[in-house]
Amino acid sequence: MTTLQDLDQLKQAAALKAVDYVKDGMVIGLGTGSTAKHMVIALGEKVKAGMTLRGVPTSQETAALARQSGITLIDTENRWDIDVAIDGADQVDPAFNLIKGGGGALLKEKIVAASARQFIVLVDHTKRVPALGGTFPLPIEVVPFGWGSTAREIERLTKSRVVLRERQGNPFRTEAGNLIVDAHIDRIDRPEELESALNLIPGVVETGLFVGRTDILIVGTPQGVDVQYAPRR
Ligand SMILES: O=C[C@H](O)[C@H](O)[C@H](O)COP(=O)(O)O
């Protein structure tokens, strides 16, 4: 049986491999979550060893960890030029499409991934799935105004149960002040089409589908770290 501690070690192994792709002087998009945390700490070690790096954090949590680790952060409300973004994911399909947003950070994560020259994704082996959906609901960030109608439109489109995310009995708020609804979709066969259709619903800010964005997938497995380059697109 794989324990949570074992999985954390596999995430850390993937993160340590990812920092091999980071070179002196780069601007790094810093993802969010328990896997990305290992990467930020590892980058901090590189900085302590003399490397010059600057980071673009995808959450306040990551920003705090990056500062503690000695990584200089760039002004996120100015123009940026990101060399490589490194982040975790909740699910990965065979074409390296992702579901992200389990922690609610999907909006900034997608903006950063979209603008980076290279996007490296870190997962443990349990997150690889034959098709997205099923075991992990799709997070969708929506504006609070009329969120119930937005959720109903999402239900109509996806023919799935759509649930408002809560934290400690209250609606979960993203850093942008929005809500998250989780769509329990059995199987997402055409993620690109679904992403486009969801983005056309008024009130949808962004979805946790990351389609065709992954350049390098680094998987921590009990047999070692597996590095795979995205299929050509
Ligand atoms: O909103 C959270 C992010 O998309 C995370 O990168 C994703 O949920 C994976 O998180 P973890 O590495 O903690 O499993």
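All of these numbers come straight from a predicted model, not from anything done at the bench.

Rules behind the numbers
- Residues numbered from 1 in each chain as written.
- Predicted model: local features only at pLDDT ≥ 70, side-chain atom pairs only at ≥ 80, totals over all residues.
- Pairing = 2+ DSSP bridges.
- Helix = DSSP H or I, 4+ residues; strand = E, 2+ residues; numbered from the N terminus.
- Axes fitted to C-alpha atoms, helices over the stretch in contact; angles between N-to-C directions.
- Contact = placed C-beta atoms within 7 Å.
- Buried ≥ 20, exposed ≤ 12 C-beta atoms within 10 Å, placed from the backbone.
- Near = placed C-beta within 6 Å.
- Nonpolar A, V, L, I, M, F, W, Y, C, P; charged D, E, K, R; others polar.
- UniProt positions renumbered as here; feature names shortened; annotations may be inferred.
- Expected span 1.5 Å × (residues − 1).
- Core = buried A, V, L, I, M, F, W, Y, C linked by C-beta atoms within 7 Å.
- Domains from an automatic or database assignment.
- Parallel < 35°, antiparallel > 145°, perpendicular 65-115°, else oblique.
- Left-handed = near helix turned anticlockwise from the far one by under 90°.

So, the pairing of strand β16 (residues 224-229)
And then number 1: Pairing between strand β15 (residues 216-221) and β16: six bridges, direction antiparallel. If you follow T221 over to β16, its bridge partner there is G224.
And then number 2: Where β15 hands over to β16, the hairpin turn is made up of two residues, counted between the paired strands.

Structural notes on the sheet that holds strand β13 (residues 204-207)
Strands in a sheet are paired, the pairing made by backbone hydrogen bonds, and the direction either parallel or antiparallel.
And then number 1: One open sheet holds the four strands; their spatial order is β9-β12-β8-β13, and the pairing between them is antiparallel. The sheet terminates laterally at β9 (161-164) and β13, the two strands that pair on one side only. When strand polarity is set aside, the average angle formed by the axes of neighbouring strands in this sheet is 30°.
And then number 2: The pairing of strand β8 (residues 138-142) with β13 spans three bridges and is classified as antiparallel. The residue bridging I140 from the neighbouring strand is T207, located in β13.
And then number 3: Docked against the sheet, helix α5 (residues 147-158) engages β8, β9, β12 (179-184) and β13, running at close to 20° with respect to β12.
And then number 4: Each of β8 and β13 is contacted by helix α6 (residues 191-199), which is oriented at about 165° to β13, the strand it contacts most.

Quick notes on helix α4 (residues 106-115)
And then number 1: Summarising burial for α4: seven of the 10 residues are buried, a large majority.
And then number 2: Among the residues making up α4, those that are buried are L106, L107, K108, E109, K110, V112 and A113.

Regarding the site of the ligand
And then number 1: If you check the shell around the ligand, you find 18 residues, and the closest are G33, T35, G88, G102 and G103.
And then number 2: Counting only elements with at least two residues in the shell around the ligand, the list comes to α2 (34-48), β4 (84-88) and α4.
And then number 3: Examining the composition of the shell around the ligand, we find that three residues originate from one element, α2, more than from any other.
And then number 4: Among the residues making up the shell around the ligand, the classes are represented as four nonpolar, 10 polar and four charged.

Some words on the UniProt feature "active site" (unreviewed entry) in the protein chain
And then number 1: In the UniProt entry, the feature "active site" (unreviewed entry) is given for E109.
And then number 2: Looking at the element boundaries, E109 is found in helix α4.
And then number 3: Not counting residues up to four positions away in its chain, the partners in contact with E109 are G31, T32, T58, D87 and K100.

As for α2
And then number 1: Taking 1.5 Å as the rise per residue, α2 with 15 residues should run 21 Å; its terminal C-alpha atoms sit 22 Å apart, in good agreement.
And then number 2: Downstream of α2 by a residue or two, G50 has a phi angle that is positive, lying close to 115°.

What to know about the nonpolar core
And then number 1: Counting 55 residues, the largest nonpolar core has A18, M39, V121, L122, I140 and V181 as its most contacted members.
And then number 2: Composition of this core by domain shows at least three residues from each of domain 1 (4-129 + 212-229) and domain 2 (138-205).
And then number 3: Among all residues touching L122, those that are not within four sequence positions of it are K11, A14, A15, A18, T35, M39, I86, G88 and I218.

Focus: the domain arrangement of the protein chain
And then number 1: Taken domain by domain, the protein chain holds domain 1 (4-129 + 212-229) and domain 2 (138-205).
And then number 2: Domain 1 and domain 2 are separated by 24 Å when their C-alpha centres are compared.
And then number 3: Broken down by element, the residue count for the side of domain 1 that touches domain 2 peaks at three residues, all from α4.
And then number 4: A per-class count over the side of domain 1 that touches domain 2 returns three nonpolar, seven polar and one charged.

Observations concerning the packing of α2 against helix α3 (residues 60-68)
And then number 1: In the contact formed by α2 and α3, the axes pass within 9 Å of each other and the chain directions differ by 25°. As judged from the angle between their axes, α2 and α3 are roughly parallel. As α2 packs across α3, the resulting crossing turns out to be right-handed. Contacts between α2 and α3 pair A36, K37 and V40 from the former with T62, L65 and A66 from the latter.
And then number 2: Counted by class, the contact of α2 with α3 contains four nonpolar, one polar and one charged residues.

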